[in-house]
Amino acid sequence: MKLAIAALLVGSAAAFAPTASFGVHNSALNMATEAATEKAFAKLPATVKPGVVTGQALVDLLDAAKEQGYAIPGVNIVGSNSINACMEAAAKYGGPIMVTFSKGGGQFIAGKSLNNDADQASIAGTIAGARHVHEVAKLYGVPVVLHTDHCQKAWLPWIDGLLAASEEHYAKEGVPLFSSHM
């Protein structure tokens, strides 16, 4: 079991290594030549800035990834520590990152001991995590796609709560709370 966990952690961390070579020659996190020692962002569209990427900037980022042949790493998170680790890795090795929230991850952020009968803990935790990303992503200097993970029909109340929060956020801030929902 310990070996399996170690292999998973090493494999996940290797995706951010500048010399990782899993048969992929182009990635947003691996566009530097071996001689370069500084971070190397893929050539990003002018509309894509550090912080949460939404709207036309998101479309431009996804189009650029497709045209340049790289994937944007996406990581399911369960707390501010994993959120920060993703953004730190993206900043260190160069590239955008996709921070993905699941219903369970949202509940974990709020606190697993909270009552979640009506998804209130999952909703509150996911919103708290998204707000955290909005507050610190620019400080890391990386573009972040803020995304929700799979949602089966039974979980639609969770998504409904996030959509309502996003509408409130948009009314106050002029931008959506999330980049996209799955």
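Below you will find a few notes about this structure. Predicted model only: the values in this text are computed from it and were never measured.

Basis of the calculations
Residues numbered from 1 in each chain as written. Predicted model: local features only at pLDDT ≥ 70, side-chain atom pairs only at ≥ 80, totals over all residues. Heavy atoms only, no water. Helix = DSSP H or I, 4+ residues; strand = E, 2+ residues; numbered from the N terminus. Buried < 20%, exposed > 50% of the residue type's maximum accessible area, 1.4 Å probe, protein only. Areas by Shrake-Rupley, 256 points an atom, 1.4 Å probe, with all protein chains shown as cover. Contact = heavy atoms within 4.5 Å. Salt bridge = Lys/Arg side-chain N within 4 Å of Asp/Glu carboxyl O. Core = buried A, V, L, I, M, F, W, Y, C linked by side-chain atoms within 4.5 Å. Polar contact = N/O pair within 3.5 Å; in protein donor to acceptor, adjacent residues only side chain to side chain. Axes fitted to C-alpha atoms, helices over the stretch in contact; angles between N-to-C directions. Parallel < 35°, antiparallel > 145°, perpendicular 65-115°, else oblique. Left-handed = near helix turned anticlockwise from the far one by under 90°. Nonpolar A, V, L, I, M, F, W, Y, C, P; charged D, E, K, R; others polar.

Quick notes on the overall build of the chain
Right, on to step 1. Secondary structure assignment for the chain yields six helices and five strands.
Right, on to step 2. Looking at the 182 residues of the chain, the share that counts as buried comes to 41%.
Right, on to step 3. Summed over its atoms, the accessible surface of the chain is roughly 10200 Å², and 59% of this surface lies on carbon and sulfur atoms.

Observations regarding helix α4 (residues 103-110)
Right, on to step 1. When we look at burial in α4, the residues that qualify are K103, G105, G106 and Q107.
Right, on to step 2. The inward-facing, buried residues of α4 contact β3 (97-101), α5 (120-140) and α6 (156-173).
Right, on to step 3. Directly beyond the C-terminal end of α4, a positive phi value near 130° is found at G111.

Quick notes on the pattern of salt bridges
Right, on to step 1. In the structure shown here, the tally under the stated rule is one salt bridge.
Right, on to step 2. One salt bridge connects K103 with D119, and the closest N-O pair in it is separated by 3.1 Å. In this pair, K103 sits in helix α4 while D119 sits in the loop between α4 and α5, placing the two residues 16 residues apart along the sequence. Judged on exposure class, the residue K103 and its partner D119 are both buried.

Re the nonpolar core
Right, on to step 1. Formed by 25 residues in total, the largest nonpolar core has its most connected members in M87, V99, F101, V133 and V144.
Right, on to step 2. Those elements that place two or more of their residues in this core are α3 (80-93), β3, α5, β4 (143-148) and α6.
Right, on to step 3. Top element by residues in this core is α5. It accounts for six residues.

A closer look at the environment of H150
Right, on to step 1. Looking at where H150 falls in the secondary structure, it is placed in the loop between β4 and α6.
Right, on to step 2. Residues H150 and T100, 50 residues apart in the sequence, show an inter-C-alpha distance of 9.7 Å.
Right, on to step 3. Not counting chain neighbours up to four residues away, the residues in contact with H150 comprise W155, W158 and M182.
Right, on to step 4. At 2.6 Å, the side chain of H150 and the side chain of D149 are in polar contact.

Description of the packing of α3 against α5
When two helices pack together, their arrangement is given by the angle between the helix axes and the distance between those axes.
Right, on to step 1. α5 packs onto α3 with a crossing angle of 25° between their chain directions and a minimal axis gap of 10 Å. Considered as vectors, α3 and α5 are oriented roughly parallel to each other. Considering the relative orientation of α3 and α5, their crossing is right-handed. Of the residues in α5, those touching α3 at S80, I83, N84, M87, E88 and A91 are G129, H132, V133, V136, A137 and Y140.
Right, on to step 2. Residues that form the contact of α3 with α5 fall into these classes: seven nonpolar, four polar and one charged.

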